[in-house]
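If you want the building blocks of each chain, they are given just below.
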Amino acid sequence: MVESRRGASARAPRTKFESHPSSQIVIGDCVAEMSKMAAGSVDLVFADPPYNLQLKGDLKRPDESHVDAVTDDWDKFDSFAAYDNFTRAWLLACRRIMKPTATLWVIGSYHNIFRVGTIMQDLGFWVLNDIVWRKTNPMPNFRGRRFTNAHETMIWAARDENSKGYTFNYEALKAANEDVQARSDWLIPLCTGDERLKGADGKKIHPTQKPEGLLARVLLSSSKPGDLVLDPFNGTGTTGAVAKRLGRHYIGFERDHDYAAAARARIDAIEPLPDATLAPFMTARSAPRVAFSELIERGIISPGTKLVDSKKRHGALVRADGAIMLGDKVGSIHRIGAVAQGSEACNGWTFWHVETHNGLRLIDELRAEIRSEMAAS
Ligand SMILES: C[S@@+](CC[C@H](N)C(=O)[O-])C[C@H]1O[C@@H](n2cnc3c(N)ncnc32)[C@H](O)[C@@H]1O
């Protein structure tokens, strides 16, 4: 949902999304491939680039067993300058294809994230947050010469300082966090167990597969169903898998054929969640206005229906024009609700019910059904 927050649009959500979002993985260099895309076409970028880990020599545990670290060629650069050039090129390519309302996430570690952050600011990106992903199960520091490296950092940024209308699902995140503002430190385990893609030999397919829980939080916080999400460094397709499950369209770029094949199989097996579980979160303020007469126009309530309060002490007749009548008093659901209670004001939506085969139903629930239809159309 687009929330009314500083920098974010105040419009009520009217997202059209499909139950079967498209997912595409393109094999190739991400900079070259992004240059073929239309400018301003992407809603959200999540990038998990090579970290340039600078690991020196073989890493061993105290029992001399080998540590499965990232030693792949795709993570190697000749110098910091080479890494910076590469970073500048892919960030620029992303920036061109981002919509003005789009935002970009980059994940990294102390090896690269400070360089990436500086380049982002130099290119004009506007940093919105840095998120610390705190790992519940980090790898120990085997040599005991430094602190355990227990977190990674994500930079979340808008295209530029004046970007307005970017998606930040503030209220939904707060509701999911027991009505407390969501914080910038996230406690999430590393990707292990069944989620970890393994080959026929039982070995990990990819050294840096990210947890789906992390991507779910990224996508749920800063995108909407139906959005186009892009990951320039697809790997095993974690972003694509989560995007499809959450009803977002996806494009991922990956140079390695084997990783791309594994990612395609993974994403093909994902079932999108039902629309009702993805519909944008609405607060009383952001929800579109629905007049009581719309319930009559849509045939949900018929003229002549009796509305009652929860204890059935009062009964009001629904008129054809959308007003209701209690005795000789005619007025809105709110006005007549107040008259029934002898009070100054009343929220008619949460006072009046209709009788159904399964008992009383609050008319507010009928309004909620209309609103979720509106949000999904
Ligand atoms: C850190 S991994 C991404 C892992 C991914 N987030 C996942 O969960 O599986 C980076 C990936 O980018 C790919 N890569 C590196 N440079 C690339 C480039 N210029 N264009 C496309 N892919 C690239 C690597 O092959 C590697 O799979």
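Just so it is clear, the model here is predicted, and its values are computed rather than measured.

Rules of the game
- Residues numbered from 1 in each chain as written.
- Predicted model: local features only at pLDDT ≥ 70, side-chain atom pairs only at ≥ 80, totals over all residues.
- Heavy atoms only, no water.
- Helix = DSSP H or I, 4+ residues; strand = E, 2+ residues; numbered from the N terminus.
- Buried < 20%, exposed > 50% of the residue type's maximum accessible area, 1.4 Å probe, protein only.
- Contact = heavy atoms within 4.5 Å.
- Near = heavy atom within 4 Å.
- Polar contact = N/O pair within 3.5 Å; in protein donor to acceptor, adjacent residues only side chain to side chain.
- Areas by Shrake-Rupley, 256 points an atom, 1.4 Å probe, with all protein chains shown as cover.
- Nonpolar A, V, L, I, M, F, W, Y, C, P; charged D, E, K, R; others polar.
- Axes fitted to C-alpha atoms, helices over the stretch in contact; angles between N-to-C directions.
- Parallel < 35°, antiparallel > 145°, perpendicular 65-115°, else oblique.
- Left-handed = near helix turned anticlockwise from the far one by under 90°.
- Pairing = 2+ DSSP bridges.
- Core = buried A, V, L, I, M, F, W, Y, C linked by side-chain atoms within 4.5 Å.

With that settled, the discussion passes to the overall build of the protein. On a plain count of helices and strands, the protein comes out with 11 helices and 14 strands. For the protein, the spread of C-alpha atoms along the three principal axes comes to 90 × 45 × 35 Å. Out of the 377 residues belonging to the protein, those deemed buried represent 46%. Across the protein, the fraction of contacts at a sequence separation of at least 24, relative to all contacts at a separation of at least 6, is 70%.

Not every one of the 22 residues close to the ligand is listed here, only the nearest: Asp29, Asp48, Thr236, Thr238 and Glu254. Here an oxygen atom of the ligand and a side-chain polar atom of Thr238 are 2.6 Å apart. For the ligand, whose free accessible area comes to 610 Å², the fraction covered by protein is 99%. Residues of the shell around the ligand, tallied by class, amount to 9 nonpolar, 8 polar and 5 charged.

Attention shifts here to the packing of helix α6 (residues 238–245) against helix α7 (residues 257–268). Running from N to C, α6 and α7 point in directions that differ by 15°, and their axes come no closer than 9 Å. In terms of their interaxial angle, α6 and α7 are classed as roughly parallel. Crossing of α6 over α7 shows right-handed handedness. Each of Thr238, Gly240, Ala241 and Lys244 in α6 lies in contact with α7, whose residues at this interface are Arg266, Ile267 and Asp268. For the contact of α6 with α7, a count of residues per class yields 2 nonpolar, 2 polar and 3 charged.

The next point concerns the sheet that holds strand β12 (residues 329–331). Strand order in the open sheet formed by 6 strands is β12-β11-β10-β9-β13-β14, and the pairing between neighbours is antiparallel. Taken across any chain shown, the strands that pair with only one partner, and hence form the sheet edges, are β12 and β14 (359–362). Strand-to-strand twist in this sheet, taken as the mean axis angle between neighbours without regard to direction, amounts to 40°.

Another aspect to go through is the sheet that holds strand β7 (residues 228–231). Overall, mixed pairing links the 8 strands, which are arranged β1-β8-β7-β2-β3-β5-β4-β6 in an open sheet. Each having just a single partner strand, β1 (23–27) and β6 (185–188) make up the two edges of the open sheet. Shown here is a sheet whose adjacent strand axes are inclined to one another by a mean of 20°, direction ignored. Two strands pair when backbone bridges link them, and strand β3 (residues 98–108) and strand β5 (residues 151–158) are joined in this way by 6 bridges, in the antiparallel orientation. By the bridge assignment, Val106 is partnered in β5 with Ile155. Contacting β2 (42–47), β3 and β7, helix α2 (residues 80–97) runs over the sheet at an angle of about 150° to β3. Along the sheet, helix α5 (residues 212–222) makes contact with β2, β3, β4 (126–135), β5, β6 and β7, crossing β6 at roughly 140°.

Turning our eyes to something else, we now look at the environment of Arg319. As for its position among the elements, Arg319 is in the loop between β10 (315–318) and β11 (324–326). Along the sequence, Arg319 and Arg245 sit 74 residues apart, while their C-alpha atoms lie 44 Å from each other. Each residue touching Arg319, except ones within four places of it in the same chain, is listed here: Ile296, Pro303, Ile324, Met325 and Val330.

With 31 residues, the main nonpolar core has Trp90, Leu91, Leu104, Met120 and Leu230 as its most contacted residues. Mapped onto this core, the elements with two or more residues apiece are α1 (30–34), β2, α2, β3, α3 (113–123), β5, β7 and β8 (249–254). When residues of this core are assigned to their parent elements, the largest contribution, 7 residues, is made by α2. Once residues lying within four places of it in the same chain are set aside, the contact partners of Leu104 are Val45, Leu91, Cys94, Met98, Met120, Phe125, Ile155, Trp156 and Ala157.

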